[in-house]
Amino acid sequence: MTLRTACWWTFGILSAAFLVAPLALVVAFSFGENPHATLPFGNPTLQWYRELFAGDDFLAALRNSAIVTSCVGMLSAVLGTAAAFGFTAIDRKVSRLGVQLISLPVMLPPLVLALALATAFSATRIPLGLGTVIPSHLIFTQPFVLLIIYARLTSFDRSLIDSARDLGASSLQIFCTITLPLIAPSLIGATLLAMAISLDDFVITFFTIGGGMTLPTLIWGMLRTHLDPTINALGTLVLVLTLGLSVIAFKLTRYRG
């Protein structure tokens, strides 16, 4: 190994350690008996998880997160898949422009998008709640589903559909027996990715939820009042859920970006 290669390896390892170390500390403190979330950790314990699950605020936030995440995942799958089919049926240049326009919210700063949504809901006098959080999340989760399904459909073998149509199959039969089974891994993966992004969102949720709470906003509220290992336990749960959904999504969609 040359000196240059060793330097790059060292730089890469230090960079990875710098990024991973805070997450590792969050997980470690959630299992330590030290009530002040400081070193030393103390003996391993599940006390903070028991206290977390015993709280009414956590159960309410978990329920809200489950509702928002599941609704966003299903709606993103339906709307993103429908949009992807529509774009593949038109001219390639026009479809690329349409995909870029729909993907614009992903490139906007979350704070700007959240402020715009909150202003729109206030101007139209729509009461804030889960009913405003779900469509707000759809704005930045649907493009991910659209991009993944659109990329899958552009490499789709159209001769299979033509053969089935020549044999007398209806459009519904073609979709259910040919198209859907072939795009199912990408569709499931894209849906899980949208759910992971929705579950982890804080900024847009904070501006559009009103008086309710989800898991990320609950963490924010707990940090403002006190700091104890139950926050680390909650952070660990959100981390595991988000990473788990993302890893499965990337595996199913064979993501290489």
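About the cut-offs
- Residues numbered from 1 in each chain as written.
- Predicted model: local features only at pLDDT ≥ 70, side-chain atom pairs only at ≥ 80, totals over all residues.
- Heavy atoms only, no water.
- Buried < 20%, exposed > 50% of the residue type's maximum accessible area, 1.4 Å probe, protein only.
- Helix = DSSP H or I, 4+ residues; strand = E, 2+ residues; numbered from the N terminus.
- Arc of directions from axis to C-beta.
- Contact = heavy atoms within 4.5 Å.
- Patch = residues over 30% accessible without salt bridge, like charges linked within 9 Å, V, L, I, M, F, W, Y side chains within 5 Å.
- Areas by Shrake-Rupley, 256 points an atom, 1.4 Å probe, with all protein chains shown as cover.
- Salt bridge = Lys/Arg side-chain N within 4 Å of Asp/Glu carboxyl O.
- Axes fitted to C-alpha atoms, helices over the stretch in contact; angles between N-to-C directions.
- Parallel < 35°, antiparallel > 145°, perpendicular 65-115°, else oblique.
- Left-handed = near helix turned anticlockwise from the far one by under 90°.
- Nonpolar A, V, L, I, M, F, W, Y, C, P; charged D, E, K, R; others polar.
- pLDDT = per-residue confidence, 0-100.
- Polar contact = N/O pair within 3.5 Å; in protein donor to acceptor, adjacent residues only side chain to side chain.
- Phe/Tyr/Trp six-rings, centres within 6.5 Å; stacked < 30°, edge-to-face > 60°.

### Here we look at helix α4 (residues 92–102)
Stage number 1. Those residues of α4 lying buried are Ser95, Gly98 and Val99. Along the axis of α4, the buried residues cluster in a sector spanning 100°; they form a single face. For α4, the exposed residues lying more than 90 degrees away from the buried face are Lys93, Gln100 and Leu101.
Stage number 2. Buried residues in α4 make contact with α3 (56–88) and α7 (130–154).

### Focus: a nonpolar patch on the surface
Stage number 1. Together, Leu104, Val106, Met107 and Leu108 give the surface a local cluster of nonpolar side chains, amounting to about 350 Å² of exposed area.
Stage number 2. With respect to the helices and strands, Leu108 occurs in the loop between α5 (104–107) and α6 (110–123).
Stage number 3. A residue is classified by how much of its surface remains accessible, and Leu108, at 36% relative accessible area, is partly exposed.

### Things to note about the packing of α3 against helix α9 (residues 171–200)
Stage number 1. It is the contact of α3 with α9, at a shortest axis distance of 9 Å, that shows an interaxial angle of 135°. In terms of their interaxial angle, α3 and α9 are classed as oblique. For the crossing formed where α3 meets α9, the hand is right-handed. Contact residues: α3 offers Ser65, Val68, Thr69, Ser70, Val72, Gly73, Ser76, Ala77, Thr81 and Phe85, while α9 offers Phe175, Thr179, Ile183, Leu187, Thr191, Ala194, Met195, Ser198 and Leu199.
Stage number 2. Looking at the contact of α3 with α9, its residues break down into 10 nonpolar, nine polar and no charged.

### Re the confidence of the model for the protein chain
Interpretation of the predicted coordinates at a detailed level should be avoided for regions scoring low in pLDDT.
Stage number 1. Averaged over all residues, the pLDDT of the protein chain equals 84, while 97% of them reach at least 70.
Stage number 2. Of all helices and strands in the protein chain, the one with the weakest mean pLDDT is helix α8 (residues 158–166) (75), whereas helix α10 (residues 203–208) scores best (92).

### Quick word on the side chain of Thr45
Stage number 1. Its place among the elements puts Thr45 in the loop between α1 (3–30) and α2 (47–54).
Stage number 2. Polar side-chain contacts of Thr45 include one of 3.1 Å to the backbone nitrogen of Gln47.
Stage number 3. The contact partners of Thr45, leaving out residues within four places of it in the chain, are Ser30, Phe31, Gly32, Glu33 and Arg50.

### Regarding the packing of aromatic side chains
Stage number 1. According to the stated counting rule, one finds six aromatic pairs in the structure shown.
Stage number 2. Ring geometry for Trp8 against Phe11: centres 6.1 Å apart, planes inclined by 85°, an arrangement best described as edge-to-face. Of this pair, Trp8 and Phe11 both sit in helix α1, three residues apart, which is roughly one turn of that helix.
Stage number 3. The exposed category is assigned to Trp8, whose relative accessible area is 57%.

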